[in-house]
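Below are the chains, spelled out letter by letter.
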There are 2 protein chains.
Amino acid sequence: ARVPLRYLPAMTWVYNFGAGNADGRAEMKNLLGGKGANLAEMASIGLPVPPGFTLTTEVCTHYYQNGCQYPAQLKEQVSKALALVETRTGRKFGDATNPLLVSVRSGARASMPGMMDTVLNLGLNNTTAEALAKQSGDRRFAFDSYRRFVQMYSDVVLGIELGNFEKLLERAKAKRGVKQDHELLPEDLEQLVKDYKACVYLELGEEFPEEPHQQLWGAVGAVFGSWMNQRAKTYRKLHDIPEEWGTAVNVQAMVFGNMGNDCATGVAFTRNPSNGAKDFYGEFLVNAQGEDVVAGIRTPQELTIKARKSHGSDLPSLEEVMPSIFQELETVRHQLENHYTDMQDIEFTIQQGKLYMLQTRTGKRTAHAALQIAVDMASEGLISKSQALMRLKPDLIDQLLHPTLDPKAKKTVIAKGLPASPGAAAGKVVFTADEAVTRSENGEKVILVRVETSPDDIHGLHAAEGVLTTRGGMTSHAAVVARGMGRPCVAGAGEVKVNYASASFEVGDVVVKEGQLVTIDGVTGEVMLGEVPTVPPQLSGSFGTIMAWADEFRTMQVRANAETPTDARQAKEFGCEGIGLVRTEHMFFEGGRIVAMRQMILAADKAERQSALNKLLAMQREDITELFKIMDGLPVTVRLLDPPLHEFIPHTEAEMGLVAKAAGVPLDRVRRRASELQEANPMLGHRGCRLAITYPEICEMQARAIFEAAAEVGRSAKKTPVAEVMVPLVSTLEELVQLKKVIEDTAKQVQKEQGVNFRYHVGTMVELPRAALQAGKLAEQAEFFSFGTNDLTQTTYGLSRDDAGSFLPEYKAKGIVETDPFVSLDQEGVGELIKIAVERGRGKRAGMKMGICGEHGGDPASIEFCEKTGLDYVSCSPFRVPIARLAAAQAAL
Amino acid sequence: ARVPLRYLPAMTWVYNFGAGNADGRAEMKNLLGGKGANLAEMASIGLPVPPGFTLTTEVCTHYYQNGCQYPAQLKEQVSKALALVETRTGRKFGDATNPLLVSVRSGARASMPGMMDTVLNLGLNNTTAEALAKQSGDRRFAFDSYRRFVQMYSDVVLGIELGNFEKLLERAKAKRGVKQDHELLPEDLEQLVKDYKACVYLELGEEFPEEPHQQLWGAVGAVFGSWMNQRAKTYRKLHDIPEEWGTAVNVQAMVFGNMGNDCATGVAFTRNPSNGAKDFYGEFLVNAQGEDVVAGIRTPQELTIKARKSHGSDLPSLEEVMPSIFQELETVRHQLENHYTDMQDIEFTIQQGKLYMLQTRTGKRTAHAALQIAVDMASEGLISKSQALMRLKPDLIDQLLHPTLDPKAKKTVIAKGLPASPGAAAGKVVFTADEAVTRSENGEKVILVRVETSPDDIHGLHAAEGVLTTRGGMTSHAAVVARGMGRPCVAGAGEVKVNYASASFEVGDVVVKEGQLVTIDGVTGEVMLGEVPTVPPQLSGSFGTIMAWADEFRTMQVRANAETPTDARQAKEFGCEGIGLVRTEHMFFEGGRIVAMRQMILAADKAERQSALNKLLAMQREDITELFKIMDGLPVTVRLLDPPLHEFIPHTEAEMGLVAKAAGVPLDRVRRRASELQEANPMLGHRGCRLAITYPEICEMQARAIFEAAAEVGRSAKKTPVAEVMVPLVSTLEELVQLKKVIEDTAKQVQKEQGVNFRYHVGTMVELPRAALQAGKLAEQAEFFSFGTNDLTQTTYGLSRDDAGSFLPEYKAKGIVETDPFVSLDQEGVGELIKIAVERGRGKRAGMKMGICGEHGGDPASIEFCEKTGLDYVSCSPFRVPIARLAAAQAAL
Ligand SMILES: [Mg+2]
Ligand SMILES: [Mg+2]
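What counts, and at which threshold
- Residues numbered from 1 in each chain as written.
- Chains lettered and ligands numbered in written order.
- Predicted model: local features only at pLDDT ≥ 70, side-chain atom pairs only at ≥ 80, totals over all residues.
- Heavy atoms only, no water.
- UniProt positions renumbered as here; feature names shortened; annotations may be inferred.
- Helix = DSSP H or I, 4+ residues; strand = E, 2+ residues; numbered from the N terminus.
- Buried < 20%, exposed > 50% of the residue type's maximum accessible area, 1.4 Å probe, protein only.
- Contact = heavy atoms within 4.5 Å.
- Areas by Shrake-Rupley, 256 points an atom, 1.4 Å probe, with all protein chains shown as cover.
- Lys, Arg positive; Asp, Glu negative; His and termini not counted.
- Charge placed at Lys NZ, Arg CZ, Asp CG, Glu CD.
- Phe/Tyr/Trp six-rings, centres within 6.5 Å; stacked < 30°, edge-to-face > 60°.
- Lys NZ or Arg CZ within 6 Å of the ring centre and 35° of its normal.
- Donors = N, O, S within 2.8 Å, 3.2 Å for Na, K, Ca; no water.
- Pairing = 2+ DSSP bridges.
- Axes fitted to C-alpha atoms, helices over the stretch in contact; angles between N-to-C directions.
- Salt bridge = Lys/Arg side-chain N within 4 Å of Asp/Glu carboxyl O.
- Least-squares fit on C-alpha atoms with pLDDT ≥ 70 in both.
- Buried area = accessible area lost by both parts, 1.4 Å probe.
- Polar contact = N/O pair within 3.5 Å; in protein donor to acceptor, adjacent residues only side chain to side chain.

The name given to chain A in an unreviewed UniProt entry is Pyruvate, phosphate dikinase, with the source organism recorded as Symbiodinium natans. Turning to chain A, the UniProt record has this under Sequence similarities (unreviewed entry): "Belongs to the PEP-utilizing enzyme family." Per its UniProt entry, chain A bears the Catalytic activity (unreviewed entry) comment "pyruvate + phosphate + ATP = phosphoenolpyruvate + AMP + diphosphate + H(+)".

Student: Sorry, what's going on with the overall build of chain A here?
Tutor: From N to C terminus, chain A includes 35 helices and 34 strands. Counting only C-alpha atoms and orienting by the principal axes, one finds that chain A spans roughly 105 × 60 × 55 Å. Expressed as a percentage of the 893 residues in chain A, the buried residues total 57%. Sequence separation of at least 24 residues holds for 67% of the intrachain contacts in chain A that already meet a minimum separation of 6. Split by element, the accessible area of chain A, about 35,600 Å² in all, is 50% carbon and sulfur. Each charge class in chain A was averaged separately, 99 positive and 113 negative side chains, and the resulting centres sit 2 Å apart.

Student: In this structure, what is going on with the packing of aromatic side chains? I would like to understand it.
Tutor: Pairs of aromatic rings are described using the distance from one ring centre to the other and the angle between the two planes. Under the definition given, this model contains 39 aromatic pairs over all chains. Consider the rings of Phe 431 of chain B and Phe 505 of chain B, whose centres lie 6.3 Å apart with planes at 75°: the pair is edge-to-face. Residue Phe 431 of chain B is found in the loop between β17 (424-430) and α17 (433-441), and its partner Phe 505 of chain B is found in strand β22 (residues 504-507); the two are separated by 74 residues along the sequence. Of the two residues examined, Phe 431 of chain B and Phe 505 of chain B, each falls in the buried class. For the ring pair Phe 807 of chain B and Tyr 811 of chain B, a centre distance of 5.6 Å and an interplane angle of 70° mean the geometry is edge-to-face. Classification of Tyr 811 of chain B by relative accessible area gives buried; the value is 3%. Taking NZ or CZ as reference, Lys 75 of chain A lies 4.7 Å from the ring centre of Trp 217 of chain A, over its face. Between the NZ or CZ atom of Lys 354 of chain B and the centre of the ring of Tyr 356 of chain B, over which it lies, the distance is 4.8 Å.

Student: Quick question: what am I supposed to make of the coordination of the magnesium ion (ligand 2) here?
Tutor: Geometrically, a metal with four donors at the corners of a regular tetrahedron has ideal angles of 109.5 degrees, and one with six donors at the corners of a regular octahedron has ideal angles of 90 or 180 degrees. All names here are of chain B. All of the protein donors around the magnesium ion (ligand 2) are Glu 767 (OE) and Asp 791 (OD); their distances to the metal are 2.1 Å. Here Glu 767, found in the loop between β31 (759-766) and α29 (769-773), pairs with Asp 791, found in helix α31 (residues 789-797); they are 24 residues apart in sequence, far enough to count as distant. By relative accessible area, Asp 791 is classed as buried at 10%.

Student: Honestly, the sheet that holds strand β13 (residues 354-362) of chain A in this entry has me stumped. Any pointers?
Tutor: Strand pairing in a sheet takes place through backbone hydrogen bonds and is either antiparallel or parallel in direction. Residues and elements named next belong to chain A. Spatially, the five strands line up as an open sheet ordered β11-β10-β9-β12-β13, and their pairing is antiparallel. The strands lining the two open edges of the sheet, one partner per strand, are β11 (301-302) and β13. Note: strand β10 (residues 281-286) against β11, two bridges, orientation antiparallel. Within the sheet, the bridge partner assigned to Glu 283 lies in β11 and is Glu 302. Running over the sheet, helix α13 (residues 323-340) touches β12 (344-351) and β13 and is turned about 30° from β13.

Student: Looking at this structure, how should I read the pattern of salt bridges?
Tutor: Proximity of charged atoms lets side chains of opposite charge pair with each other. Residues and elements named next belong to chain B. This structure, assessed with the given rule, holds 115 salt bridges over all chains. The partner of Asp 195 in a salt bridge is Arg 171, and the shortest N-O contact between them spans 3.7 Å. Of this pair, Asp 195 sits in helix α7 (residues 186-204) while Arg 171 sits in helix α6 (residues 162-176), and the two are 24 residues apart along the sequence. For Arg 439, the salt bridge identified is with Glu 514, shortest N-O distance 3.7 Å.

Student: Looking at this structure, I do not really get the relation of the copies chain B and chain A. What am I missing?
Tutor: Two chain copies, one operation linking them: a rotation about an axis together with a shift along it. Structural alignment of chain B on chain A gives an RMSD of 0.5 Å, achieved by rotating through 178° and translating 0.1 Å along the axis. Taken together, the rotation and translation relating the two chain copies correspond to the operation of a two-fold axis. In terms of C-alpha distance to the rotation axis, chain B has Thr 795 of chain B as its closest residue, with the C-alpha 2.1 Å off the axis.

Student: Would you explain the interface of chain B and chain A in this entry?
Tutor: Across the contact, 48 residues belong to chain B and 48 residues belong to chain A. Here chain B packs against chain A, burying approximately 4,300 Å² in sum over the two surfaces, 51% of which is carbon and sulfur. It is Asn 681, Leu 684 and Arg 770 of chain B in chain B that bury the most area against chain A; as a group they hold 15% of the surface buried on that side. Taken together, the connections running from chain B to chain A amount to six salt bridges. One salt bridge connects Arg 770 of chain A with Asp 826 of chain B, and the closest N-O pair in it is separated by 2.7 Å. Here chain B is connected to chain A by 30 residue pairs in polar contact (both at pLDDT 80 or more).

Student: Would you take a moment to explain the UniProt feature "active site" (unreviewed entry) in chain A for this structure?
Tutor: All names here are of chain A. Under the UniProt annotation, "active site" (unreviewed entry) lies at His 477 and Cys 853. Examined against the element boundaries, His 477 turns out to sit in helix α19 (residues 477-485). A residue is classified by how much of its surface remains accessible, and His 477, at 17% relative accessible area, is buried. Tracing the sequence through the fold places Cys 853 in strand β33 (residues 849-853).

Take a look at the structure:
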């Protein structure tokens, strides 16, 4: 659709724009910088952009490569460009009656702190200021502009401390006996200009440049000079921006929205950025400058009659005040949306009845608006479905699934932690899981506050509205479980000091006791006093539309990690295509089950253990039956017991006493067993399939539970359940050989006993570097692989998820890691091991099914990696299923 | 030197040997089995072997592949072979005057429990027994042989319970009124044969076979049958021996050493197996059978006059009793050594003045003898130097470096643990490191007994003669440190229950209190009551010789892991070529240093920390100076602080109180800091270079200590020190970039301050899977790699060294792992990562120096892997340096 760029000779250092025409285009950001390219684009599509020109980034590069010398042809090219601006505006630079004033702005490829930014009103001097006064009929306006110019130029170009000018301004106001700048009289401002210039002479030993061309070259030199100042250098280094990129300089004719009542200035969004409705949304001020809109001293007016009415404003809208200009702006609005095919955030100025467009850029919007706009634009035919999908950042979807803080509500933030699980929740503070359950059973809403959580706290997490921890990161136990349950979580809020003994916490001077109300926001990580109102999630029609579109495009399947019927149902509602990870150990923490589990662990011999296992068998079978029913023929991957047994035994004497009583064994045995099971590094200890190897009877019980459930459901359900038995933490083939035998023997046994056949597969987690390397061998036995990227990240990095919180923030700050590798998959390191495993596994077993479970399964960047690497599915917590569906579609596109 | 094997038709099932001739050779073990090949070899070099023949393993295979049918030609070939034996012996099978008797023995490639072993005296029946009586002139001898034959045949061939025969024998003795078998009269024995046969008939329903050929085929069938019995099958399965291998059967003419005083039987070693001296060493009995020598009822006589004199025996030697036979045996001795080029363990029988060789095999020997014999044989020109080197198992060398238990001493073993560090030591039991120091300063020898040790106990380990722990494996802290120091250690003696409170330990009923004497043997893992005498290590001339030869051949360098001057000197004496690993943290545990270290950790801010660091700087500089001096121009690789800070803080309230006092900070701060530093998985926590990243001032202090030491030593020493600074636990390039900068800046600073240049290199540990994968990038910054295979094994396997002890033994028992991967490098998994790192590292930096430090550096199999993988050096604990030198030579050969 684009006109090919016209041929430009190599030595063109200056690009013109304006009057419906431009030498440049939006794509030429590298040459013209972001701002220059954007101005060129607007001009080229015929929008009323004040004319101007851009000195290219090549000028900057040339300048530094040649001992701070400009290219030979530059002076002449600038002269010509300036002449063109003069022609286009009908004004002359430095003219005594009709002077041209310009702005000078830097413009690198990306905006960069530390660089000189803007000089406005350049071209003013004693002569042109008088002309401006006469032309505008507003002496105050002219000399205020002049005063501001001298101050800005002296600051950014001449490097004189702003304090000097502020002192003079204050003195002038005192002398006149006024408080506000705008109360100064024109003569005061005229005197101020003189004082400012005198100050420059004193500071610099040179007169302030009167000559406009001298001003212009001074400003241009300042922009190029600022490319090499220390702040810019440091910023470039931190952000990996090469020095050779250089910056461009934009020179543009000034327009004024403050030259009378036929002038105005405003900002607008082409659609509502808050809810996405197709309404022109913005505000303006008559006879004002851009900064007046921002300053908020005057009340801005609405653009449309509709908006005025809906806001109940008594100030007339632009549609009423300047109907023809409004129509022109409406046209521009549609033109921009058609051109950019996205909602735009624009700035405009009306000078003496003429509309000028100063800026357009893609508008920021809420998650709701992003969704609505994408769906609407695709329906309008402005973009394709796939473009609509690509527009939506998957993480935005997360916000749509949870209640959020009412944006209008007041809040008293007392601490900030990591935004560990989205959503906002308010409730009474409790410090134990049991208290959470008790109070929630009484109908109270509670927030569970813990230093950190353990599997023992699961029932409390379930009962609570949200959880706050003072230790641990984005992938700590609390964070992972909360995300899985869709509960808001703020994790690792280090300032919060919990005192369990007094059932209270402190943050600085604030003390919060059990039962007091707090609110947490899992999107920002904020902890607030009292109950801050929230708004519920709105899974509007657009949400369903976008999900349906995502399913059209994606090739990877999306499964869920779920153990409870609640989670499984939730995941199914969110469109999961099976369960990719049932963490069977979670099933043992509920109610009386933990007692049977502990009896198993504390058993003195195999017979005692077997009797405890029999109790667990019934419970486990029941749970898995329910999951098979809910999944209705979709695959369910059940992982064998994974954590070290130690996690199931409490560690205080009192708690151990309770366990001894409940399990009917002497306290001494509990104490001894707890100490035996204690490990220096439990993450690298006796866990995963290592437990099943040393206690094959546990593996057998679990296999039996799965297969008996499959047999039972298979008999009655229309769709046969698909059982996938998954062996965790395998490091060598022989482990899998031995356990697969136990599982298969059990399957045969159950089939014989029940007289039913059922479908099942035996696979393995690939979650240790050695497993990834040995994947070719493991594939001899494993029918599928599931990458456990949490453990794989821990071992590949030698980094414990639970302990990384103490230094990972500093690692990020120092630029050692870009993102937390537990949040977004480390594609270079961990990713290479996954690639190796995929290649070797499929090399042995063609087309072998492979997926990923664990936190990364719900992370968009990681999902993209999975697609590239050829995985068949991702499995994530229920509340991330929609996100994964979208991310998978984007990865496939 | 070998005559080519003569052509044998494919269908030869039987191989003859004897009379200076044989169809087979030693190399034909697969066809003839071990025993058959060996007999053929002896016969073929002209030794007086009783003639016989071998039914090949192919007969066995054929038998089982054809429904238990022998090959068609077998009968005929056996007939012919038997005829040849008859010719060669001048006897006839079943003959009434000059009968041939034979033995029938199985002979697989490797000896195999569960298989039928031997039937002697086959061919005896009523007729031949009478002939034997007449020929020998000893009726008792003949019928005793007959009785034994019937019993043996009935047992192993006919499968009749031995108990039946024992009962009959007891009854015969009772009847005669005697106690011993040999007191029975010839007629008693004759009757016994009849009774035995009657018993066989009753049990079997068939007569005992009288006909010698029937006996022979019965025995042959029994051998082949036993190949498939359950015990043999299980053994094969466990040891991966294929069923197709089959077994051979050896049939050989009997000779008798018990037919009169011109008969004898004996065993001998061609050299002294105890000290390796080139003396003919053995014993014999006149008129006796092999089993009489073993039974120990009669006192055996020496072979040589020299031996008789040195043992003060009054029984005449063989040299005196049968001088010409002795000379013949001397000739055989030299012939065998020349032929096999190794010390031989032989069996011989003299029958009526004629010498027969029944067996030769490579003789078992002590470590000392192995060394002496290898060196002597190479000096004698019997073998080459490289052969001598290849003969010595590197682990034998370990025994030579430590005191060993006096083999003649009596010992009361009360418990057994893992043989964690070689050597034997006796001392008084102590339970704390401090007590060990106090008593050792008083001149007492002590054995430190702990549940497990921690870095806090280092001074105690130093002070003790040896250490006993009740928990932990071969690579536990105690084991590693003890090996490093050359202290004997028995680890993980689980039966020993330590009670610190009462300062005692219990094993079953035995209670040992502090101050009681015990002895530990780190070679066997035994714990003994009282002081068992030991013999000191003898680093004789041969030791030096073999080490010098090893150095001629090896290509890899051998360095030592050492921090203390004692260790460094020891390592230098043992021939190390530099220090490959200085664990700087060990330097902080001594004496007052721990206080400064703790002050550093407990510092509230950077200034406080800096002041503590300054104290540590002086100490560290002093230590490193000493190491540079000792190493005298050899490289010294200093690793930056590695363990989590937490390890330096004690955890009981009382101990924390002491620290608070010593460090001059409130107890509360110690408590808080200890809790802050507590980690769930310290091995994967805030340690290694992660500490240096968060506290760059520690890295700077350590770099400064190293460089100031280098500058100081460089000024005075003839050889410039070579400092290698090593960054531990790197996982990503940026860590190395930032720390290298700190190190290099410090180096420049010190060079400027001191006005000296010194040589230094900055390298990194490769000890995380990610580091191995990223080796190409790391090599941009690292000048050398050192593989930390302890951590690399932990992370590749996801297996904590400290926790693996609880299930690794079971993993071995179940055949899941062959060897402890912390003892011998896992070449498939961890090894692949090392190969990747070598390839990528050198791909980036050609010829990059690479080595291995950590426990595997002293393990021969791992050293071989290092050689194959192209590493430049291995670094190990001082006491393993000689082992590594030898292993490196073997790897290079
Ligand atoms: Mg896992
Ligand atoms: Mg290490």
